[in-house]
Each structure stands twice: as structure tokens, then as C-alpha cells.
Amino acid sequence: MRKLGLFAGIGLLLLVAFADRSSVSVSNLQAHVKYLSSPELEGRFAIAPGSFKAADYIARVFQQSGLEPKGTNGYFQDWTPFNGSRPGPENYLKVKRGSVWEAPAEAIRPMTSTANSKAEGELVFVGYGISQPNAGYDDYEQVDVSGKIAVILRGAPRWDGVGAEIQRASRLQAKIATAAQKGAVGVILVNQPDNDNLMPLMFQRGARGNASTVILNVRASVGDKLLQPLGLTVAEAIKRINEKGLPISANLNTSAEIAASIETFPGTARNVIGFILGSDPQLRDEVIVIGAHYDHLGYGEVGSLAPEPGEIHPGADDNASGTAAIMELARLLAQNRDKLKRSVLVIAFSAEEEGLLGAAHFVQNPTVPRENIVAMLNFDMVGRMSNNRVSVSGVGTAAEWETILKAANAENLILQLSQSASGGSDHMPFMQRGIPVLFFFTGMHPDYHRPSDTWDKINYEGQAQIVALAERVVYEVANRPERMQFTRPQQPQQGGQRAQRSGFRVRIGLMPTYSEQEGVLLEGVAPGSPAEKAGLKQGDRIVAAMGQRVRNIEELTALYEKMEPGKPVELTIIREGKEIKVQVTPEAP
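Residues numbered from 1 in each chain as written. Predicted model: local features only at pLDDT ≥ 70, side-chain atom pairs only at ≥ 80, totals over all residues. Heavy atoms only, no water.

1. Details of the overall build of the protein
Here comes step 1: Counting its regular elements, the protein contains 14 helices and 25 strands.
Here comes step 2: Along the longest, intermediate and shortest principal axes, the C-alpha atoms of the protein span 85 × 55 × 45 Å.
Here comes step 3: A total of 589 residues make up the protein; the buried ones form 58% of that total.
Here comes step 4: A sequence separation of at least 24 residues applies to 79% of the contacts in the protein between residues at least 6 apart.
Here comes step 5: When the accessible surface of the protein is split by element, carbon and sulfur atoms take 47% of a total near 22900 Å². (Helix = DSSP H or I, 4+ residues; strand = E, 2+ residues; numbered from the N terminus. Buried < 20%, exposed > 50% of the residue type's maximum accessible area, 1.4 Å probe, protein only. Contact = heavy atoms within 4.5 Å. Areas by Shrake-Rupley, 256 points an atom, 1.4 Å probe, with all protein chains shown as cover.)

Right, dumping it as C-alpha cells:
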């Protein structure tokens, strides 16, 4: 286990952040968000070192605020949610041009979708690797890559008037699929000089598919070496294509041998849990949970909406903002613990981005009796308030919520209240267990899941107002004579407040969890969703959709593009060892 300790620079940061204040501190919030979204933490991917640095920081804040540790090892609750991927023992690129030249090991990396294998063949440069003859552009028109190794530029064409079809065909997986369809036995993806980071190995749920193509990503300097027979550098090739909007594909009159290997390892994730004991001997056994996920996307290993992964995704709003909010809220509540009759459990969840895994793990393995949890408040993306508006969903999970919220709204915020508990965040596993929940959220923005979600774009004054509102809500729930009773919320017809953030054309309402077996294992389904209406439930494993085999969530969601709202589709599931066909009617997001 990792020892709780301070990393370089944190001591001074905490000294500044913990000046004696009895009200919400904007400077605390800014200090927390700025550190959590700093390059040092490398995007806080759940099983990566940067995430553990964040966990140490959060635990130190809990400790200095006076929270008791309530994990399974001090403040920490560790578990293995999914396997990580790393380069295996054999990855190389050997170019045979008279003598043999081998690319430096630090300049190459296997791609997640590679076959663990070797390939040998002639090198063929195919520009951006796009074949869209109907759109007037085809990098493969004058060359044949069958049985050969395709050398492809990363990125997309930049000439004026590039159409949507060509842009879509510029996506990494589209390029790889095109090369494979054209018969290539290997693919070398070449970085552009202005984006020369090697791509991360991506997170995948479930088993890896049986890939047949060997795929390496190489730095631009390696690309320069490969293009020498054409008398071009990578930068010059890019310039020539973009100047005329025409392919310059050509055989490189060189052969090469490439090898790619990926190995998996058990990935450890970490929830951080602190506890404030209530003051009333009769009520202190009952617990209010305050939560936010602190993990993010790392370099784009999961869920990135950037054109290509490889850059640090700071995740300032998603969800350093929510994490900072619960740390500041914890400080205030601990400072006024004599005002709390019931106890408060503060949890910074990990692995939310992979499917609410941290919250689900806690709900399945609680460190307080689950039946004693009376309410859960979740904060996810609370840093971009505009026009004094904040969305609060889950109001329909207890009859008292609306009255409590309106009474606590001393700031006269415009509360956009939703009866539903939708939103695809960490409150969902609690709601599924019959616990009243609230979900605080300030809305989507163009920086969502992109490297541009940075600390300087946060509305810290608005964030502070949300913390102040939540503090009053907690006091009211903590001091009520009777605990609130759960009520089933009415679900909206068109999904939740964040339903459109995925960009999918349909909504089904699945809540997948990680599994070593092939298929998509369900942790649950959203209440009132098409999945629930179709009878899907926790423990079902989806193994096929629309007649096509499904090995993981990525393959399932890829089929969403072929689905239409209101048109039934057939899913094949495994339930209690039996294969069952289920008809599901997707909704518009």
C-alpha cells in the first residue's frame, strides 16, 4: 500500500488553502482545482500514478480538516476494477534498406487495437489513409497495400473545404479499419511534428478482440526516416497534401519488419473516504454521503472527445471542480460538527469515467452499514456556472428535497430542479439501492472531455455558492427528526441532463461494469429507460446486438450509429447461464 505523504509543492499549497475561515473559501477551491488539474497529475487516469498523487492530496486535506479515516486502509479503499495495458516485451520497427535500421525504442509504441504479432512486407506511404472516392479523395487509388505495411499520417487534412465525410474517415479507428480492408498486414501511424506525443494505450472493457493487423505508432522523426525515398520529411508531406488537396501516396521501395505486443496487468484504483461523527447519540449511526469522482481521462485513455488521444486531459471541471467542492464542504462541516446530529461520510470516488466503478464498488462494499445511509449528494462538473444557474436532479427521490433546496437557497440561485435522477454519475448506484440522492451540475461546454478543460476557465465564485447551498442542505438533512423516505423518481422521456454528452444518436440506458469475460456485463439500468422497459437488469451480459457479436462496450456503442429512435433492435443476452433474445426500443438522447 502507498504511504500517505505530501508530494513536492503540496505543503505550501495546503498551508495557504487552510487559512482559518468559517465560510466558503474561493481561494481554497481554486487551490484544489489548480493542483488536481495540474500537469503533475497527468489527467488522473484511475489506475495511473497521477491518480494516486491526487488520492494522497485528498486524504491529506481530509486529515487536516479533521475527518476520521473510513476506508479499508486508512482513508483509502483500494480495489482492482479492470486490467491496465502496457507495452509487452517485443515491440520494434526494423527498416531494411541496404543495411538494417531499427527505430529507437522510445520513439515507438504499440496501439491498443494491435495484434500481438509480427508483420513483414514492403512499406507503402498512403498519406492520411483515407479512401473516400465519393468525396473526391482516395489515398489508396494509385497504390496497393495488400500483404504490405501501410505508413499513415495521424491527424486530418487541413485544406480549405474539407468535407465531413473526409473528416470522419480521418479518425484513427477508421484509418486502421480501411488499411485492414485493403489487405495491409501492418500499419505504422506517424505523428505530426506539432503533435508528437505517442498515443496512450486505451482502456477497454471486457476481453480484447482478436485483431489481425500489427499496428505501431511512431514519432515524426521515425516518419522522416521512412519517407526518405520520397525525398520528403513528414512536415513536407503534410504541406504538399494540404496545398493541393491531392494524395501523394507511393511505394517506398523499402521493406520492414514490425512487431507489436501488449500485456495486461491488474489495475488498482482508490476511493478516498473521510468521516465526520454526528453529535446526537440517537442519530449518529445514520449517515449522509457526500461524493464526487476525482479521476479523469489521463492522456485520453478513455472517453476523450479530442480528435486523437495523446495530450493530458486536465479535467478541471470534470471533475476537479466537484472534488474541490466536497473537500471544502468537508472542511466546513467538520469545523461545525456540533451542528450535525447525523454523521457525514465524504467520498472521492475513482474510476467514474470507466462506468461509475468507484461508486458501485463502495455501494457493494460499504465501510458503514448500507442501511444506515440516509441520503447521498453528488457533485460532478460544478465549475462552469453561468447566469446564476445550477441544475439539481434527483429531487424526485424524496418528497422533502424540493422544500429543503428552496429553503437553503440563500444565494437566490436559479435552481433547475429535475425530478429524475438521471445523469450518468456516481449518485446512480446509491439511487438503485433506494437511497435519496441529489446531483449538482452546472452544464456541458465545448471543453468537456478535451485537453482544453483547464483550471483558468472555472467560475470559482459560482462554485462557492453551490458549496454554500449544499452545506445548508446537509445541515437540514442531518438534523431532521426522521430520516427521509426514498421515492421512485419520474424519469424524463428524453433522457437526463447529460444524456447528449456522449454524442450517440440513441439512448438505451445501460449501466455497464467491467468484466474479464466477453460481452457487456450490466451493473444495472437507468430507471424508466428503454433497457428497463425491455426487462434488462443487473447481471445480464449482452453478447450480441442487431445480429452482430459484441465483445465489449466499444463494439456495442459503435452499433448505436446504426440504431434509430423508436425502432426496435434485438439484443442477445446471457442470464443465469441461458441465452435470451430481448427486443429494446432506443430513444432519442
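Back to the write-up after that little detour.
2. Observations concerning the nonpolar core
Here comes step 1: Val272, Phe379, Trp401 and Phe440 are the most contacted members of the largest nonpolar core, which has 69 residues in total.
Here comes step 2: Top element by residues in this core is helix 12 (residues 460-479). It accounts for twelve residues.
Here comes step 3: Beyond its immediate sequence surroundings of up to four residues, Phe379 is in contact with Ile290, Gly291, Ala292, Asn319, Gly322, Ile326, Leu329, Phe440, Ile466 and Ala470.
Here comes step 4: Judged by nonpolar contacts, the second largest core, of 36 residues, contains Ala119, Ile188, Val218 and Val234. (Core = buried A, V, L, I, M, F, W, Y, C linked by side-chain atoms within 4.5 Å.)

3. Considerations on the packing of helix 10 (residues 401-408) against helix 12
When two helices pack together, their arrangement is given by the angle between their axes and by how far apart the axes lie.
Here comes step 1: One can describe the packing of helix 10 onto helix 12 by two numbers: an axis separation of 9 Å at closest approach and a directional angle of 130 degrees. Compared by their axis directions, helix 10 and helix 12 come out oblique. Between helix 10 and helix 12 lies a crossing whose hand is right-handed. When helix 10 is examined against helix 12, the residues Trp401, Ile404, Leu405 and Ala408 are found in contact with a partner set consisting of Leu469, Arg472, Val473, Glu476 and Val477. (Axes fitted to C-alpha atoms, helices over the stretch in contact; angles between N-to-C directions. Parallel < 35°, antiparallel > 145°, perpendicular 65-115°, else oblique. Left-handed = near helix turned anticlockwise from the far one by under 90°.)

4. Brief notes about the pattern of salt bridges
Here comes step 1: Overall, the coordinates contain 19 salt bridges when judged by the stated rule.
Here comes step 2: Across the pair Asp194 and Arg158 runs a salt bridge whose closest N-O atoms are separated by 3.3 Å. One end of the pair, Asp194, is in the loop between strand 10 (186-190) and strand 11 (214-218); the other, Arg158, is in the loop between strand 9 (149-153) and helix 4 (164-169), with 36 residues separating them in the sequence.
Here comes step 3: With a relative accessible area of 55%, Asp194 lands in the exposed category. (Salt bridge = Lys/Arg side-chain N within 4 Å of Asp/Glu carboxyl O.)

5. Concerning helix 5 (residues 172-181)
Because an α-helix completes one turn every 3.6 residues, residues spaced three or four positions apart along the sequence face the same direction.
Here comes step 1: Considered for burial, the residues of helix 5 that qualify are Leu172, Lys175, Ile176, Thr178 and Ala179. Down the axis of helix 5, the smallest arc covering the buried residues is 160 degrees, so these residues share one side.
Here comes step 2: In this structure, the buried side of helix 5 is in contact with strand 7 (131-132), strand 9, helix 4, strand 10 and strand 11. (Arc of directions from axis to C-beta.)

6. Here's the deal with the packing of helix 2 (residues 26-36) against helix 12
Here comes step 1: Running from amino to carboxyl end, helix 2 crosses helix 12 at an angle of 110 degrees, the nearest separation of the two axes being 9 Å. Judged by the inter-axis angle, helix 2 sits roughly perpendicular to helix 12. When the axes of helix 2 and helix 12 are compared, the crossing they make is right-handed. In contact with Val26, Leu29, Gln30 and Val33 of helix 2, helix 12 contributes Tyr460, Glu461, Gln463, Ala464 and Val467.

7. Examining the side chain of Glu471
Here comes step 1: Tracing the chain through its elements places Glu471 in helix 12.
Here comes step 2: Buried charge without a partner: Glu471 forms no salt bridge, and the closest opposite charge is Arg472, 6.5 Å away.
Here comes step 3: Ignoring any residue separated from it by four or fewer positions in sequence, one finds Glu471 in contact with Leu329, Leu332, Leu333 and Asn336. (Lys, Arg positive; Asp, Glu negative; His and termini not counted.)

8. So, the sheet that holds strand 3 (residues 92-97)
Here comes step 1: Read across the sheet, eight strands follow the order 4-3-12-6-9-10-11-5 without closing on themselves; strand pairing throughout is mixed. The outermost strands of the open sheet, each flanked by one partner alone, are strand 4 (99-102) and strand 5 (108-110). This sheet shows a mean twist of 30 degrees between the axes of neighbouring strands, independent of strand direction.
Here comes step 2: Relative to strand 11, strand 10 runs parallel, the two being bridged by five bridges. When the sheet's bridge partners are listed, Val187 is paired in strand 11 with Ile215.
Here comes step 3: Contacts between helix 5 and the sheet are confined to strand 9, strand 10 and strand 11, with strand 9 contributing the most and set at about 155 degrees to the helix. (Pairing = 2+ DSSP bridges.)

9. Remarks on the packing of aromatic side chains
Here comes step 1: Evaluation of the coordinates by the stated rule reveals eight aromatic pairs.
Here comes step 2: A ring pair is formed by Tyr35 and Tyr57, whose centres lie 4.6 Å apart and whose planes are at 35 degrees; its orientation type is tilted. Placement of the pair is Tyr35 in helix 2 and Tyr57 in helix 3 (residues 49-65), with a sequence separation of 22 residues. Here Tyr35 and Tyr57 have matching classes, each one buried.
Here comes step 3: Measuring from ring centre to ring centre gives 5.7 Å for Phe439 and Phe441, while their planes differ by 20 degrees; the resulting arrangement is stacked. The pair Phe439 / Phe441 is uniform in exposure class, with both members buried.
Here comes step 4: Through a chain of ring-to-ring contacts, the aromatic side chains of Phe349, Phe362 and Phe430 assemble into a single cluster.
Here comes step 5: Residue placement shows Lys70 over the ring face of Phe275; its charged tip is 4.7 Å from the ring centre. (Phe/Tyr/Trp six-rings, centres within 6.5 Å; stacked < 30°, edge-to-face > 60°. Lys NZ or Arg CZ within 6 Å of the ring centre and 35° of its normal.)

10. Brief notes about the pairing of strand 19 (residues 437-441)
Here comes step 1: Extensive coverage of strand 19 is indicated by the burial of five of its five residues.
Here comes step 2: Of the two faces of strand 19, both are covered, the one formed by Val437, Phe439 and Phe441 as well as the one formed by Leu438 and Phe440.
Here comes step 3: Inspection of the sheet shows strand 16 (residues 373-379) paired to strand 19 by four bridges, in the parallel sense. The partner of Leu377 across the bridge, within strand 19, is Leu438.

11. Remarks on helix 8 (residues 316-335)
Here comes step 1: The first and last C-alpha atoms of helix 8 sit 26 Å apart over 20 residues, in line with the 28 Å expected at 1.5 Å per residue.
Here comes step 2: In terms of residue burial, helix 8 counts as a mostly covered element, since 19 of its 20 residues are buried. (Expected span 1.5 Å × (residues − 1).)

12. Side note on the environment of Arg219
Here comes step 1: Locating Arg219 in the fold gives a position in the loop between strand 11 and helix 6 (220-226).
Here comes step 2: Along the sequence, Arg219 and Ile108 sit 111 residues apart, while their C-alpha atoms lie 6.6 Å from each other.
Here comes step 3: Beyond its immediate stretch of four places on either side in the chain, Arg219 contacts Glu106, Ala107, Val190, Asn191, Asp196, Asn197 and Leu198.
Here comes step 4: A distance of 3.4 Å separates a polar atom in the side chain of Arg219 from the backbone oxygen of Glu106. (Polar contact = N/O pair within 3.5 Å; in protein donor to acceptor, adjacent residues only side chain to side chain.)

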